[in-house]
Each structure stands twice: as structure tokens, then as C-alpha cells.
Amino acid sequence: MKKSDNSHLTGSDNAYVDALYENFSNNPDSVDETWKKFFQGFEYALNSGSEHFPIEMKNPNIENAENAQVFPGESNHVFSGATTDTDKEIHVFRLIQSYRARGHLLSDTNPIRPRRNRDPYLFIENFGLEESDLHKQFSVSKFIGEGNLTLMQVIEHLKRSYCSSIGIEYMHINNTQERRWIKEHFEGTIQGFDHSLEKKKRILEKLNEAVVFENFLQLKYLGQKRFSLEGGESAIPALDAIINKGSDLGVNEFVIGMAHRGRLNVLANIMGKTYEYIFNEFEGTARPDLSLGDGDVKYHLGFRSKTKSSSGNDVYLKLMPNPSHLEVVSPVAIGFTRGQIDKVYGHDSSKICPIIVHGDAAIAGQGIVYETAQMSNLEGYSVGGTIHFVINNQIGFTTDFTDARTSIYSTSVAKAIDVPIIHINGDDVEAVIYAVELAMEYRQKFKKDVYIDMVCYRKHGHNEGDEPKFTQPTFYDLIAKHQDPREIYVSKLVGGNKIEANLAKEMQTHFRTKLQERLDLVKQKDLEYLYQKPDEEWSKLRKSNKSDFDESPETQVSEEKLAKIVERISTTPDEISPIKKAQKIIEERRKRFDNGQIDWALAEMMAYGSLLQDGRTIRISGQDVIRGTFSHRHAMVFDSKTNRPYCALASLAENENKFYIYNSLLSEYAVLGFEYGYSLVSPNNINLWEAQFGDFSNCAQPVFDQFISSSDSKWQMSSDLVVLLPHGYEGQGPEHSSARPERYLQLAAEENMYVCNLTKPSNLFHALRRQVAIPFRKPLIVFTPKSLLRHKDCISNVEEFTNGKFQEIIDDSFAKKTKVKRVLMCTGKVYFDLLEKQLADKRDDIAIVRLEQLYPLADKQLKAILKKYSKAEFIWVQEEPENMGYWTYLLRYKEFRGFEIISRKISASPASGFASVHKKEQEDIVTRSFQTK
């Protein structure tokens, strides 16, 4: 049977299995061999009273039946002393499988209102069974690990396993071992789990802390936005349990990404941020020298701490800052985690774990969730599994979940990546703890994601000043009458045995004392934070000054060193035989270097090689970056027969684990977020992301807006991320022409990043090396060329690498200063169009000046150019329409306000889609540039 055919059993399609068995009964050879053996096993066991399935049932092909939810190894159970009705046995077997697949639809996970009827198809009549069968024993009850049980006992067992306050979706997982592991827990330990008295005390303590915090803020800061956790307070003991369990299983560090809801509570009661400090933030008196950032609202800020687990282990905690795009922090946190895995933990993902706290509306509604999920098991992005914890308020702002998604659950995206989804009633805090600890075990064992959907509610509106009854009057009437999770748990403990009742009373007294202490503003002691190695590296850097951008530092490399790099990247081992085209490109590197004709691709490779030899770590990712979209990079070559890869750059480093390059999934938003997160780990990494075409980066705009351009200002978090955006007008239409430079230049302020459009390969070389040569860190946006990758004039000689440094502005080398009456100032590829015209017409009366670095503008160098050509008129020339590109940005500076502009006309679209129109427009720009008065 084909794997896809087995899906019928997942849904327990009665007619399908009945038809199969009828065909088998009429002619055993008419069904697939696996089903034949399965039915033979039933009949053999039932008719002969044998203790075991026949030997042929142990055939490895039983794996196919496992994919139909028949668990290998279970075929050895005793089948005796029960009904011999084979049809009924198969019907009961289908019932068991259906509970495993769909029992979650009957689970009691909603604390406020009855579940919607999802037609679980789990009534006995759905399986050809009758009420009279309830008291009959069935041999297939062995499949749930019990003796011969009656049908009623089987159903009761399955309901306890799959329809309690915990429901689980796991039968979609293809891996047999994972399914069996989950099944054994849910049909075993879940039925009788009970936490120790010490753990119950811990649970109540964390619930108390959660409630104390929210009550205090409600009393002291009435009406202020805090995005309360009230209704979902069980999230605090849940996160505490994840950290404690993870620590016991070997995790040294947790990286948390979450949105607003409950963030302040997490800061106080998980991260250990002092109440005093949080109160200062509410009152606007926080000391900025102690804060991770001073330019954002309190519920966006990040924090880091070192704490002790309940077992006494040291645990590092990092809560990533998060802006208003709720899910954008997910890939950032995961990217940071991967950076720590590579830098701190020797590639051992079991030592660090990301926790992403989602809202139900956000995880269901935002596309970046899926993009991030698809990275989870890819070589370049895997972090050994992420714990996804959903605080499911059943509402998003004012929108009911019935209007917010089509899927039954907000977590349905998890099915796409073959991982379990656990649904829990947030009011049953002990069940929540059981579920999250199970999730942590699963993550450590299988190195995969797991999703936890804690169904709860939001006591107030979207924020504390919002009125939720405008749109949800009946729902909020129910909420108003509902006890909070702490009150429910106290009642449970009081109603329990004497020891638990005493515990509840003791903790109740402690709760009141703690609340009064907070009202009296008793100070807490700040948690000590011991720096990890990457933190120490960051501490050695400083903030930039405006004078740092007058000119760049020395970044030259000796010719001897360059020659060694080129030699290595121009050859392949004997055992690697690339296709002829790739081999030719590799061999041309040596010729170009020897002839002093270094192009863009070789300059880039030389920059990476020199940085690797300096001990830097380099990571590059993006769509098709290994070869390069335009076939220029070839950072790896592949054997033509075996497809075995070879990376010459990796061999240049002392440790081959210093160079990483990965073709990414077809995502810009999540992948750029991931790379930004990775870049935060160490200032000694060089981290690059390349868009396949520059305009593709449009899809990742929130990462540019809310992280890359502003994180230093908002959170005092520096990044050295390099973003490569192919840009240039070659008649390829509106979507393959412009990387939208105007967007990045609009974001440029306070020396927050470099923005460059380069015309010399040597300048790319120096720009990359400058990233670590400066005593601070800044993101670098480079509008990289397309046609210039192979342009005959876009070359540099060796001396420009061995004696030079980055050139912010490049003056004309052809025009005669005394004759110049017009200066064409430009940036990027249009320079070569202008140069061709200048040389062809021998126009030494017109100078062409290249602005290689658009931001920060090299003010002193610009003034020197203006002074040099003080008698000439100045024109700004660009390929882009006048309302795009660089012109509106340049008008910020008074020096440019007297310039004229030559460009394409104002346009809604960046470029024409017709090659003939493009050519005419380009010719017009060049012609007008040389039409002097």
C-alpha cells in the first residue's frame, strides 16, 4: 500500500476498511500484502486462540501499517479470552485509532465556554458497534496496553487519555518512534500523573507572583497600558516549568521571544527584573544606563539575567526586544539561538532552547509564522527544536476566533512540519505543567519543535483602557463571573488532602504579605548577570561618533596574503570534478588576479578569505547564494558525478566551522529576521543576507523598519549585518530593477547604518573588511550590481586592495579641473553609462563624481569636491524616477538644494516593462546629462 493510501485509517473510514476486509475474505490475494498480513493476524489469533500474531505479522512491511496508525511492536500482545467476531474487533481497533487521531476534539480545553461541535465522529455507531457491545470484551484492547477490556472500559481509557483537560494532535507525525513515544505517555502517565507536594508549592508560588504583579499594577497604575496576563496567569508557572525541566535535561540557556501580552509579568516573575525597575519605567524615571534600551515603550523592552533553576542549576535567560509586529521576533530569537549554538555551545543545540510565546490571533494570522516554521529542520537554520507556547485568549483585539481563522486551531501550522500540538485548559494549571514538561522532554529527545496551545481568556480589553464589551458582551459577562487560575488552584488544594490544604492556607498568607510588600514598594535585589563570551566581546566596543564617518579606517591586505587566498579559491581537489562551466569560472580567478583585472566576484571572495584568515567567522544566507543568482559567486562547487560539494573558503580558516553559507528557503521576511538575530551574538562574526533581486527585500520591510534601522536607538542593540541587494536598470522591468534605495535612505539617521552603492570591486572588499575594522558596529546596506558583475570597466587592480581603504566619494580621473563647467554626481551603475559617453565624446569639461557611500554622507569630502569645482554647475543624475532613488533623501542636505536633477520622470512604478522604452529612457538620461548650456 502506498503511504498516502493509509490516510484512510487516520480518519477511520469505516467503508474503506470494511471494503478491504470484505475483499480479503473473498480473495486474500486481492489486497495489499501488508493488509493481507494484518487481517491474517487477526483471524489467526482469534480463530486459534494463539497467544501471538503469527510470525509473518512481524514482517518489516508492518511499518506501512504503522503509517495507518498500527504501532509496530504491539502485534505481540495476547489475543485470547474475548469475542471472536473479527469484524467487531476491527471496528474497535478503528475506534481506538480514531480517539488517538481525533480525541482532542472532545477534550475539555476551554475554561470559559463550551467547545464548538467539530463532529469528531467518535460515537460507537460510527464504527458499526452497538450499545450491546459495550459490555463485551475485545482482544484489540491489547492495543492500548491493557488486558481484555470491555468496549466501555476501552472508551473510558481513551477518554481519560485524549479527552481530558489536555488534548493532543500527533497522529499526523510520520515518524513511528515519535508517535509511539507520545502514545506511551498519553495512554500511560497522563492518566495518573500527580505532582509532588514541592512542585505544587512551586506552581502556587508562581501563580501567586503572577497575580500579585497584575493586581499591584492594576491598583497603582489604573488605566495605563500594560497588556495584562490576567486570565492567562498559568503561563508563568508554565514558563517556569519549561525552564526547570529543560535545565534538568541539560539546557543552559533559554532565549524567549514574545509579544506584549504578559511581557511585563514575564520580565518580573521569570526573568527576575525587579519590580522597582518596572515601576520606574511606568513612571518614566528608569535609569537608562541600566536599561537594555531607553527609546521604546516598557512592554517592548528586552532583558537578560542569570538565575537558578529549582534544582539549583545556573540558567541564562534572554528575552528579546519585540516591536509591534507581533510575530517578527520569532525568527530573530531563533536566529540569536543559532548564533549561540555556533559560537558558545560548540554546535550542541541541546544546551540552549528558544521559547516563542505566541498569541492565538497572531500565530494563526501572520505569514511569518509559516516561514519560520519551515526553517525549523533546515541545516542552515535548525536550533534543535523550539518550544512554541500559545497564550490563547480566544480573541484578537476585538475579533473573535471564528472570524480570525479558518482552521480549527490557531496552531494548525504545526502540522505542516510534522510536530505535536498539545491543547490545554489554562485553568488546570497542573495539567499545563504536565504538558509543558512533556514538551520539553520531546524537544530534547527528538530535536524538533513542539506547540503548546493553552486556552484561556483575556480579562480586560486589548489594553487596560479598552472596553471589550463593545464587541464581545456575552463572552465578557462569562469572564467577569469566572475565577482566575490561582483561585481555582487554591480551591483544588483546599479540597484535597490535609497537607495540600495546609499548603494552600500557608501560600494564601504569603500571597497577601507579598502584595502588601509591593504596595509598600519594598526593594528587590537586582539579579547578578555574568557575561558570556559574546557579551564580553560586545563590551569592548564603543558607540560611534559623528567624526568616525569622515573617512574609513585602513583595511588593506598584503599582496602575498591575497595571492594565497586566490591560489586556494582557484583550484579544486583532484577528487572534485565540477562541470566545465564552473571549473572555468574557478580557474579564471587566478588569471584575473595575475592580470590585475579583479572583478566584483573575485573581490568579494578575497574579502571573505582575508577575514577568515584574520580569525573571523562568516555566515551568508539567502536564496541561491552559494552559486549566486547571477552565477558570479560559486562559493561552493559540486562534483559533476557525485554532487559532492567543495568549499575552498572554508579551508582558509583555522577551523572549517568558521565559514557557513546556506541557500535559504524562499523567504525574505523570516530569513532576514533570523540573520539579524544571528548577527547580535558576536561582533566578531560577519553576517550577510542577500536578496535574490533587491526588490525581494520589500517582503521583509518590518525587519528593516523595526530592527535593523532602529534597534540601536530603541534598545541599544548593535548589529553588523550586511544586506546585499542587487540593483540596477537593465531593462528587466519594474520588479527586477530597483532595490528601492529611497526606503533605506528614509530610515537612515543618527549614523544608524551604512548605505552604499558601489562602482569598484575594491570598494566592496574594503566595505566588508571595514565592518570589523571599526571600533563599533553598524548594519551595512549595499546595492549590489547585476550587469556590472561582468562589465569590462568594473574592475580594480591589485594595488587598490593592498594600499587602499574604502572610498566614500570618488572624484573624476578624466576631466580637466580648469575646464570643468558641469559636475555630474551619481551613484552606482549609471556611472558606467555616463563614463561611456564621456570617453566617447572626450568631454573633459564635464566631471563625473561618484557618491559611493550615501549614508553617512562624508561631509568633509563632499565639501572638498564642491570647493574644487566651485565654478561649475552641479547635476544629480540617477536612473531611478525622480520620486524614488536618492534625490529626495539628498535634499536633506543644504549642499544639494542648489543641484538640478536628471532622472526618469516621476512614476508610480520603478521602471518600464518594455525593453525598448527602457533603452530610450536611459539614452535620454545620458544625453541630457551632457547637454551643457
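These numbers come from a predicted model, not from an experiment. (Residues numbered from 1 in each chain as written. Predicted model: local features only at pLDDT ≥ 70, side-chain atom pairs only at ≥ 80, totals over all residues. Heavy atoms only, no water.)

Student: Quick question: what am I supposed to make of the sheet that holds strand β4 (residues 253-258) here?
Tutor: To summarise the sheet geometry, strands pair through backbone hydrogen bonds and adopt either a parallel or an antiparallel arrangement. Pairing within the open sheet is mixed, and its 8 strands lie in the order β3-β11-β12-β8-β7-β4-β6-β5. Across the chains shown, the open sheet's two edge strands, defined by having one partner strand only, are β3 (166-169) and β5 (303-308). When the angles between neighbouring strand axes are averaged without regard to direction, this sheet yields 20°. Here strand β8 (residues 387-392) runs beside strand β12 (residues 450-455); their pairing, made up of 6 bridges, is parallel. The residue bridging Ile 387 from the neighbouring strand is Val 450, located in β12. (Pairing = 2+ DSSP bridges. Helix = DSSP H or I, 4+ residues; strand = E, 2+ residues; numbered from the N terminus. Axes fitted to C-alpha atoms, helices over the stretch in contact; angles between N-to-C directions.)

Student: I keep staring at the packing of helix α30 (residues 830-840) against helix α33 (residues 915-929) and nothing clicks. Help me out?
Tutor: In a packed pair of helices, the relevant descriptors are the angle between the two axes and the axis-to-axis distance. Contact geometry of α30 with α33 gives a least axis separation of 10 Å together with a crossing angle of 55°. By the angle class used here, α30 and α33 are oblique. With respect to the hand of their crossing, α30 and α33 are arranged in right-handed fashion. For the pair α30 and α33, contact is made by Val 830, Asp 833, Leu 834 and Lys 837 and by Gln 922, Val 926 and Ser 929, respectively. (Parallel < 35°, antiparallel > 145°, perpendicular 65-115°, else oblique. Left-handed = near helix turned anticlockwise from the far one by under 90°. Contact = heavy atoms within 4.5 Å.)

Student: Looking at this structure, how should I read the side chain of Glu 253?
Tutor: Residue placement: Glu 253 occurs in strand β4. Of the polar contacts made by the side chain of Glu 253, one reaches the side chain of Lys 318; its length is 3.1 Å. Non-local contacts of Glu 253, meaning those with residues more than four positions away in its chain, are made with Tyr 316, Lys 318, Phe 336, Gln 340, Tyr 345, Lys 351, Ile 352, Cys 353 and Gln 532. (Polar contact = N/O pair within 3.5 Å; in protein donor to acceptor, adjacent residues only side chain to side chain.)

Student: Would you explain the pattern of salt bridges in this entry?
Tutor: Between side chains of opposite charge, a pair can form as their charged atoms come close. Inspection of every chain in the model, using the stated rule, returns 50 salt bridges. Among the ionic pairs, Glu 690 bridges to Arg 633, the shortest N-O distance being 2.9 Å. You can see Glu 690 sitting in strand β17 (residues 685-690) and its partner Arg 633 sitting in the loop between β13 (617-622) and β14 (637-638), a full 57 residues away along the chain. The exposure class assigned to Glu 690 is buried, which follows from its relative accessible area of 7%. Classification of Arg 633 as buried rests on a relative accessible area of 1%. Three or more residues are tied together by salt bridges with common partners; here these are Lys 88, Asp 133 and Lys 136. (Salt bridge = Lys/Arg side-chain N within 4 Å of Asp/Glu carboxyl O. Buried < 20%, exposed > 50% of the residue type's maximum accessible area, 1.4 Å probe, protein only.)

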